[in-house]
Amino acid sequence: MKRKKRKSTVRRHQAGNTRAAKGQIRDANSRTIFQNSMLVSQFLRDNFDIPILEDVKPEDIEDVTKRYQAYLGISFETDTVQRIRLRNIAVGTGIDTDADAEQESQIYLVSLIEHKSEVDYNVTMQLLRYMSCIWNECAREAEQRQEGITRTKAFKYPAILPIVYYEGSGNWTADLRFQDRILLKEVFGDYIPDFTYRMVRIHDYSNEELLDREDEMSLLMMINKVQTPEDMTRFLKSERDKIARIISKAPAPVLNIIASTIWSLCIKMNMPVDEARECVKEVEDRNMGYLFENMEKMDIQAERRKTKEAEQKLAEAERTAEQRATQVREELTEKIKEKELQLENGIKSFVQLCQEFHMEKENATARLIEKYDLSRADAENKIQKYWN
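Residues numbered from 1 in each chain as written. Predicted model: local features only at pLDDT ≥ 70, side-chain atom pairs only at ≥ 80, totals over all residues. Heavy atoms only, no water.

1. Considering helix α13 (residues 273-284)
Helical geometry: 3.6 residues make up each α-helical turn, so side chains three or four residues apart lie on a common side.
Now for step 1: With 12 residues, α13 extends 17 Å from end C-alpha to end C-alpha; this agrees with the ideal 16 Å at 1.5 Å per step.
Now for step 2: Burial runs high along α13: 10 of the 12 residues are buried.
Now for step 3: Phi turns positive one or two residues past the end of α13, at R286, with a value near 65°. (Helix = DSSP H or I, 4+ residues; strand = E, 2+ residues; numbered from the N terminus. Expected span 1.5 Å × (residues − 1). Buried < 20%, exposed > 50% of the residue type's maximum accessible area, 1.4 Å probe, protein only.)

See below:
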């Protein structure tokens, strides 16, 4: 029976495009990932050794990013803010949940999820602006519920967990503590706010470690690690049964995110657009066998041939440059020899002229030293050589 084709996510968003803008796809995917409560809950469980985050469920997470758009502005629009309601918050925290359970049972998760190709050394200052905006909004909401509450001793601001999600292959070398960005922190440290953020660098995890988690967020992290033909080879060698199990149980919204990420991968690896769309459709239909079959046909060997051809062109260019350098050296050598011959002929003519005018050898030697800037020994040798 012929399977009825349905309109895929990629077809809806990319219709009419012959080639998608790679950066836009990646940014869209990253923001979509962290706006999905199921993926955020998995992310917290898998990457943070914080006991009170282990039991966070998707229903405990609310995306409140839009609430801060007026504060964060357009330059921050790829980042997300999540309100997370904690369960069993009193365990190991010393918090009396009976005192103010509503306020104390939620924290804010700040996710900085831009895919940076380079390290951002100003990230701590950016995060501080985020955190200030969030706390300002919290105070405003609290004052709307009860005027004057923020000026009371009992009022507490929610904790904020700042996170940087980094997909770059290079090491993250920016400082993790805010005070390290401030001049003279050793002198004024007591008067400078300080915090650290959590760095989650996907390349710190092997494909095996990610797949062992057997959840959708870790699969997305593994897919986003693919940046070179060699990365693709490692991806194709991963345990396909585990990937198939993850895909088989993924809820439809999460499956669409995975399909969109596969689309980005296909385009990034230069798969023809029509084939990439078909791969995405098959992922949406949970047919992972078809996906791997077509990815294995992706012209990774062509990339290697291009690399080899580039290396050959570089070698040829180096040979040409060396040949030209040799030619230039030979030409310079000839010119030097020619000038040396001209100089020697000039000295010979001068010595012979001095002799024709019956000049004494001592006077001729002195004149030769003066005219050609020779040492006395060299001048005497020339007189002896050319004086008949």
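Read on, since the account is not over.
2. Looking at the pairing of strand β4 (residues 160-166)
Now for step 1: Burial analysis of β4 places 7 of its 7 residues in the buried class, which makes it a mostly covered element.
Now for step 2: Burial along β4 is two-sided: I160, P162, V164 and Y166 facing one way and L161, I163 and Y165 facing the other are all buried.
Now for step 3: The pairing of β4 with strand β5 (residues 198-201) spans 4 bridges and is classified as parallel. Bridge assignment links I163 to a residue of β5, and that residue is R198. (Pairing = 2+ DSSP bridges.)

3. A few points about a negative patch on the surface
Now for step 1: Taken together, E330, E331, E334 and E338 make up a surface patch of like negative charges.
Now for step 2: Assignment of secondary structure puts E334 in helix α15 (residues 300-356). (Patch = residues over 30% accessible without salt bridge, like charges linked within 9 Å, V, L, I, M, F, W, Y side chains within 5 Å. Areas by Shrake-Rupley, 256 points an atom, 1.4 Å probe, with all protein chains shown as cover. Salt bridge = Lys/Arg side-chain N within 4 Å of Asp/Glu carboxyl O. Lys, Arg positive; Asp, Glu negative; His and termini not counted. Charge placed at Lys NZ, Arg CZ, Asp CG, Glu CD.)

4. Comments concerning the packing of aromatic side chains
Now for step 1: Considering all chains together, one arrives at 8 aromatic pairs under this definition.
Now for step 2: Measuring from centroid to centroid gives 5.7 Å for F43 and F48, while their planes differ by 70°, and the two rings are edge-to-face.
Now for step 3: The buried category is assigned to F43, whose relative accessible area is 0%.
Now for step 4: The exposure class assigned to F48 is buried, which follows from its relative accessible area of 5%.
Now for step 5: Between the aromatic rings of F178 and F195, the centroid separation amounts to 5.5 Å while the plane-to-plane angle is 20°, which identifies the pairing as stacked. (Phe/Tyr/Trp six-rings, centres within 6.5 Å; stacked < 30°, edge-to-face > 60°.)

5. What to know about the packing of helix α3 (residues 37-47) against helix α9 (residues 216-224)
Now for step 1: In the contact formed by α3 and α9, the axes pass within 8 Å of each other and the chain directions differ by 80°. Taken together, α3 and α9 sit at an angle that is classed as roughly perpendicular. Residues M38, L39, Q42, F43, D46 and N47 of α3 lie in contact with α9, whose contacting residues are E216, M217, S218, L220 and M221.
Now for step 2: Broken down by class, the residue content of the contact of α3 with α9 amounts to 6 nonpolar, 3 polar and 2 charged. (Axes fitted to C-alpha atoms, helices over the stretch in contact; angles between N-to-C directions. Parallel < 35°, antiparallel > 145°, perpendicular 65-115°, else oblique. Contact = heavy atoms within 4.5 Å. Nonpolar A, V, L, I, M, F, W, Y, C, P; charged D, E, K, R; others polar.)

6. Quick look at the packing of helix α16 (residues 361-372) against helix α17 (residues 376-386)
Now for step 1: Where α16 contacts α17, the axes come no closer than 9 Å and their chain directions differ by 125°. Our classification of the angle between α16 and α17 gives oblique. For the crossing formed where α16 meets α17, the hand is right-handed. Together, K361, E362, A364, T365, L368 and I369 of α16 and R376, A379, E380, K382 and I383 of α17 make up the contact between the two elements.
Now for step 2: Of the residues belonging to the contact of α16 with α17, the class tally is 5 nonpolar, 1 polar and 5 charged. (Left-handed = near helix turned anticlockwise from the far one by under 90°.)

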